[in-house]
Amino acid sequence: MAVKDKLTEIFEPLKYPGWDKPLAPWTTTAWPNAFILPLFLFTSRRASIVRCGLGILLAVAFIVLIEHFQYSLLWGVLLLPTALALVWSSYEALLPRNDWENPQVFGHKKLPAHAPLAYHTSIEAARKAAASFASRAQAENIVSLSGPASAGQWRFKYSPTVASAPRNFYDPSYSVNGWDADVPVPGNWQLCKDKATGEPRYDIPIYTNFRYPIPLHPPYVPKNNPTGCYRRTFDVPAGLVKSGGRVHLIFHGTGSAFHVWVNGKMAGYSQDGKLPAEFDVTSLLHAQDEEESNNSSSSSKESNILAVRVLRWSDGSYLEDQDHWRMSGIERDVELVFVPGAGSGFSLSDYTAVARLDSHYQDGHLDVTAQVSMHGLSAGSFQVQALLYEDSENGPLVGKAAVVKSVTSTFPPRSSSFSSSSSSSSTVEVFVSIPIKNPRKWTAETPNLYTLVLTLSTEGAGGGGEGGSTAPTRPPSVLQQAESCRIGFRTVEIKNCQLLVNGQALVVAGVNRHEHDPDTGKVVDEASMVQDILLLKRFNFNAIRASHYPNHPRWYELCDELGIWVVDEANIETHGMKPIGRISADPAWREAYVERMVRMVQTHKNHPSIIIWSLGNESGDGVNLREGRDAIKRLDPTRPVQYEGGGADMCGTGRTSLTDIQCPMYPVPKASVQMAQSKADERPVILCEYSHAMGNSNGNLFKYWEAVRALPRFQGGFIWDYVDQGLRKFDHKTGRSYWAYGGDFGDANGPCKGHGQFCINGVVFPDREPHPVMWEAKFLQAPVAFHSSAAERDGERGGRRPETFSVGVENRYGFLGLGHLLFEWAVKSDCGVLVRGELVVEKEGGGEVRPGEMVVVTQDLRQGGKGGVGGAAAGGSPVKRKFSVSSPFKKRDKQVSSGTGSGSSSSSSSSSSMATAWSTAWVELTASLKSDTPWAPKGHVVAIQSLPLDMRGEEGEESKGGVPVPLLTMPELVMKQEKTQEGKGPWATYAAGGDQAVITVEGKEDKEGWRVVFGKNTGKILEYMVRGVHLLVPLSGGPVHAFLRAATDNDRAGFPVSATFVLSKWLCDFMEPYSPWKTLSYQARWKRVGLTGEGLLTTVSDVTPVMQSPKRVEILVRSTVSAAKYGPLLDVQTRYIIYGSKDIKVAVKVVSLYEKQAAEPLHLPRVGLAMQLPREMSEVIWFGPGPQETYSDRKTGGILGVYHSHVRDLHTPYVVPSENGGRADVRWAALRDPGSKMGLLLRTTNGPVVVDEGVGEEGREEEMAEAVARRMVGKKGGEQVHVPGAFQFNASMHSVAELERAMRTYELPRWEEVEGVHVHVDHRHMGVGGDNTWEPDLVHSEFLVPCVGTWEYEVFLSPLEGEEEPAVKACRVLE
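Residues numbered from 1 in each chain as written. Predicted model: local features only at pLDDT ≥ 70, side-chain atom pairs only at ≥ 80, totals over all residues. Heavy atoms only, no water.

### Describing the overall build of the chain
- The helix and strand inventory of the chain stands at 19 helices and 65 strands.
- Look at the contacts in the chain between residues 6 or more apart in sequence, and 74% of them connect residues 24 or more apart.
- Of the roughly 52,300 Å² of accessible surface on the chain, 53% is carried by carbon and sulfur atoms. (Helix = DSSP H or I, 4+ residues; strand = E, 2+ residues; numbered from the N terminus. Contact = heavy atoms within 4.5 Å. Areas by Shrake-Rupley, 256 points an atom, 1.4 Å probe, with all protein chains shown as cover.)

What follows is the structure, encoded as structure tokens:
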């Protein structure tokens, strides 16, 4: 290549495919990084010599300038610091380096990576072991050296530095009697707790997001490098070594770096604690003579001593800057593996099984490439045979193939540029292929597996014929070794701009998953892995990204077995490097990069669940990544490769030529759509990270999935991330447990500073309890969708009752039909289940609905196609009960009766006939499993959806959906005004609260006692009592106007919180008042205006009571809400209307006085009413989406119904307390005392609406509201009515102030400690956001509450007395 071309390649900014935009500044090939990196930041010895030389040259230049040219000392200021910096930063590279501070040393004596081997000696044993990695421990030639803390097999000694660690502790004569014997292996020593205090006994866990926990000085690590020394003994079966067999020692995961000794001799060294490190220790073992081996006395046997020194930090730590807890120790199993076949001269050392399909995705070929090691042979022959079985306990043989090989001389050793082998063996490669006619295919939906058994047979050393490939007369027949694995036939490819498996485009419903356990840290057992997969599949996830390192070997086997698409990722991330791609471009680190990628592929290559390899995460770009990608492609051309390099520019991340798939992280939905529609870059788009699940988050998730369903090239993504990485900790004062996060182990001012709870961003809690977003994801990712279709009626469009309904059923599976699902329907109302039955979903002629197809099914609601609407449908049954639906003040009650029944679990237990009054009716459709599966039992609901149904009550004067309560029928009221006197009289308490007089309203002839008391000065309801029971807490119960919420993590996104990642908190706090408005978080803007804390002040200007009639009293309150740092912010007018029916209507009009919306947009968290109810009102019933928490931008997964709960169970215990427990689109809600049965019903109207005579777009909210209005008040089209409104409802045992103050759950009062129930009825509530959690303004505009304009709404407070049904009372209309 010409010099000019080379310079152009280095210095000219490249462009990403499809975007006319230069590389982002972090790119290593962009100017000036292409010059700065090699000269100043590369870590090789050559670069260091150049820097030292340059520093010395500058120093000499300074001396010359001073002595010979008499220049001033100013030159010293310019030259000497630079010279010293160059020399100081480079001289260490000229000195001898430790293994753990040398990027070109990442292993000594490690054997090459290979597929898992167990060295079975029979086919039966190999078949049995194929099903589980755990069964390796029972294999005859494998001995587990792991041990729980209780076993005391391992002795452990912690030292704060390498230098202070015991010297020569690996010597067999060194006594370890005083060492700790209760440290588990596997285990993280940071989680070994002091029994007295419960605090870490040795070292502490450290969490950082991307900042390195050690000074940024690669490849060097601090002298204070915590070190753990381990010792144990083990025995080797007598005669094994003598017979020529070999012994391997395997550490499946130990980090960050470790040395290992056997019997005082060095066995090896390794880095990358997320992959196995294997050492041949045969020559280091004690050889037992014949007499010793036959001696039954254990005292005569000399045990072998295994010693391990684990370092917390190494140069490898610079490649492991992932966003998770930094802990160390022996994290995975340790095994001793015997290779008996080596005694015959041959052993299987690796094999690659590729189970591919033909071009028609019909027939299969199993191609097996095996590596056979030869041990000190001059000649010999062997046979490799592949046997393929059905994957069952006694599955039949479905195919086999064999190859016989003869060798005459030792082959040259198998080379490995990146690993050194202590074994003096050479290898030969053989190939066999088995054709399979129409095999059962493997997919995540149909995880059909086969068992492959690979055998090695010999005639013994020295036998065989001549020639490297000439077969002997008879095939070798002595079985030396049998290996097994489970394989799946499938083909992965990118074709026609899409990622395909078996020719079908994938829809990736994925999540990123760290290995995490709240008690054992990075050590996860099989039960935890199974729990994770079952939970994910039951919530309709189908993929995981192994973020950001290879997982435990058993994880991949479980994904194969249960069906999960896997992106396997190399243990590489340099997120905190400056610049991010610094060492990715440094040639000194090339082999370390490639080693990690190659070993990952070599170890996991036979797993069908792995469909994509990932080079790592957020490591910029550079030649090292390119080399690693090329190495992966050479090893495995059957899978695509992806990579996301990090950086701030969306156009540059995850879209370089390093990746086969556009896999950016955190593009907003609009940007995702742009990428998926771009004609310039037509690679598939799969977001490697999106929808940041930090706390109460994941708003807008539905927008991504609307785009995925609509755009073929947008094939899904992986939510960040799966589990809140909290560690279980106990508060010493309260004794309560909580989930600890960064800074909770005494390092708040250490490396984790500013990163704190950023490890708390999962869709499940640390104990795997699902977050509310899991139901949102389940709905959006469901493999079955139901679509509205117009109801069919007999007669005119205006008929009163539907006799049929139609629904479109869409199969969104990629590979399955719908025959395995049971479909059911139920017509429901807020009064219960009206009628239900099974839905027959099939194509015309009875065919199964195949993937991608949709059918429209019409269901008859009449029994046998005949009779009234209340009859049973075909395959269904009516569910009815008796209750009153009339005005309580009429002498005549209307009774509706017809049998009994029970409602569904998601609705109220109340049920009614279809002739009953209700406010809303809908169809609930479910698809559930017909039979048990490995991941869910029979009856598990795969998909559930509510669709509106235009259904009205019976014809006739008194059968309208709403029950009018005329004013004339109500009892009369009495209104009084009385002065208060502090310390005297019945109103003394209210005088202390600031009211000089009170206004009382009560029933004129009411003998049971009910009254409402208002403060004449404050305009508040001071008392609302019915039958002697307070429905609101006296004096403080409200309702009061509410505009604040406890900030969520997304409310804090932006300056200053996000800046604390890189700046000190004190500096961020100092800069906050001077920062541009648009950079501020929502919370910072609220603070700047003065909304938070005690910043809001309400000034009442007028309280006017009016006795409009003997049966209705109105009290008008005018007030102004001022913000501490802004002044008058809101003008509020509140009209309280008290009816003789004991109901209170609160009509509110709020006018914004904020005048800076254009320049400094302000968005309110909420606009609504807050009130406090007595603690006894603990039973909550609501009609709306549920059962989980929902918000305006995260509510599609809520299923319409009537739900019951205790108020404490409505609380979502986010690790960092915040706004939680809200329920969106609630039609009515009630709180009740389960003892006295007294309660309070809440409902709203959303202002005047004109009833439309026609029917508009199906399913729109306005149409449902209009239909409700017609049913409830009997109005005809064109008339103006106030319709029942949907509101944001929240009932909590914690106040906003309590949630805002608390940073951990134990700081909140428990239910036993609370004095009241805090209730919010919000006319508007801001969305929670979730595109990410560091940029401001990421709640989408339609879910904001801009502080501009006017809001009008009405809230009705109605008492519930005795056994009154809230669903029935909600149907009343006060006239």
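### Side note on the sheet that holds strand β23 (residues 498-501)
- Here we have 3 strands laid out as an open sheet, ordered β22-β23-β24, and antiparallel in their pairing. Of all the strands in the sheet, the pair left with one neighbour each is β22 (492-495) and β24 (504-505).
- Examined bridge by bridge, β22 and β23 share 4 bridges and lie antiparallel to one another. Within the sheet, the bridge partner assigned to glutamate 493 lies in β23 and is leucine 500. (Pairing = 2+ DSSP bridges.)

### Section: the environment of proline 667
- Here proline 667 lies in the loop between β29 (641-644) and α11 (669-677).
- Sequence spacing of proline 667 and serine 691 is 24 residues, and the spatial spacing of their C-alpha atoms is 9.2 Å.

### Focus on the packing of aromatic side chains
- Taken as a whole, this structure holds 37 aromatic pairs when the rule is applied.
- Both rings, one in tyrosine 212 and one in tyrosine 318, keep their centres 5.5 Å apart while their planes meet at 55°; by these two values the pair is tilted. Of the two residues, tyrosine 212 is situated in the loop between β4 (206-208) and β5 (227-234) and tyrosine 318 in the loop between β11 (304-311) and β12 (324-326); the sequence distance between them amounts to 106 residues.
- Residue tyrosine 318 is classed as buried on the basis of its relative accessible area, which comes to 0%.
- A ring pair is formed by phenylalanine 258 and phenylalanine 279, whose centres lie 6.1 Å apart and whose planes are at 90°; its orientation type is edge-to-face. A residue pair is termed long-range when its members are at least 10 positions apart, and phenylalanine 258 in strand β8 (residues 257-262) and phenylalanine 279 in strand β10 (residues 277-280) qualify at 21 residues. Residues phenylalanine 258 and phenylalanine 279 agree in their burial class; the two are buried.
- Aromatic rings pair up to connect Trp154, Phe156, Tyr158, Trp189, Tyr202 and Tyr230 into one cluster.
- Across from the ring centre of tryptophan 555, 3.6 Å away, lies the NZ or CZ of arginine 513, which sits over that ring.
- Cation over ring: lysine 537 sits above tryptophan 935, and NZ or CZ is 5.4 Å from the ring centre. (Phe/Tyr/Trp six-rings, centres within 6.5 Å; stacked < 30°, edge-to-face > 60°. Buried < 20%, exposed > 50% of the residue type's maximum accessible area, 1.4 Å probe, protein only. Lys NZ or Arg CZ within 6 Å of the ring centre and 35° of its normal.)

### Quick word on the pairing of strand β21 (residues 478-487)
- In terms of burial, β21 is largely enclosed, as 8 of its 10 residues are buried.
- Relative to β21, strand β20 (residues 450-458) runs antiparallel, the two sharing 9 bridges. Considered in β21, the bridge of threonine 455 is made with alanine 482.

### Some remarks on unusual backbone geometry
- Between serine 547 and histidine 548 the backbone carries a cis peptide bond, its omega angle lying at -15°.
- Mapped onto the secondary structure, histidine 548 falls in the loop between β26 (543-545) and α8 (553-562).
- The omega torsion across glycine 1038 and proline 1039 is 10°, close enough to zero to call that bond cis.
- Note that proline 1039 resides in the loop between β49 (1029-1030) and β50 (1040-1042).

### Overview of a nonpolar patch on the surface
- On the surface, a nonpolar cluster with roughly 230 Å² of combined accessible area is contributed by Ile56, Val60 and Val64.
- Assignment of secondary structure puts valine 60 in helix α3 (residues 45-69). (Patch = residues over 30% accessible without salt bridge, like charges linked within 9 Å, V, L, I, M, F, W, Y side chains within 5 Å. Salt bridge = Lys/Arg side-chain N within 4 Å of Asp/Glu carboxyl O.)

### Things to note about the packing of helix α12 (residues 701-710) against helix α13 (residues 773-780)
- Between α12 and α13, the shortest axis-to-axis distance is 10 Å and the interhelical angle comes to 15°. By the criterion of interaxial angle, the relationship of α12 to α13 is roughly parallel. Crossing of α12 over α13 shows right-handed handedness. Contact residues: Leu701, Phe702, Trp705 and Arg709 in α12; Val773, Glu776, Ala777 and Leu780 in α13.
- Of the residues assigned to the contact of α12 with α13, the class counts are 6 nonpolar, no polar and 2 charged. (Axes fitted to C-alpha atoms, helices over the stretch in contact; angles between N-to-C directions. Parallel < 35°, antiparallel > 145°, perpendicular 65-115°, else oblique. Left-handed = near helix turned anticlockwise from the far one by under 90°. Nonpolar A, V, L, I, M, F, W, Y, C, P; charged D, E, K, R; others polar.)

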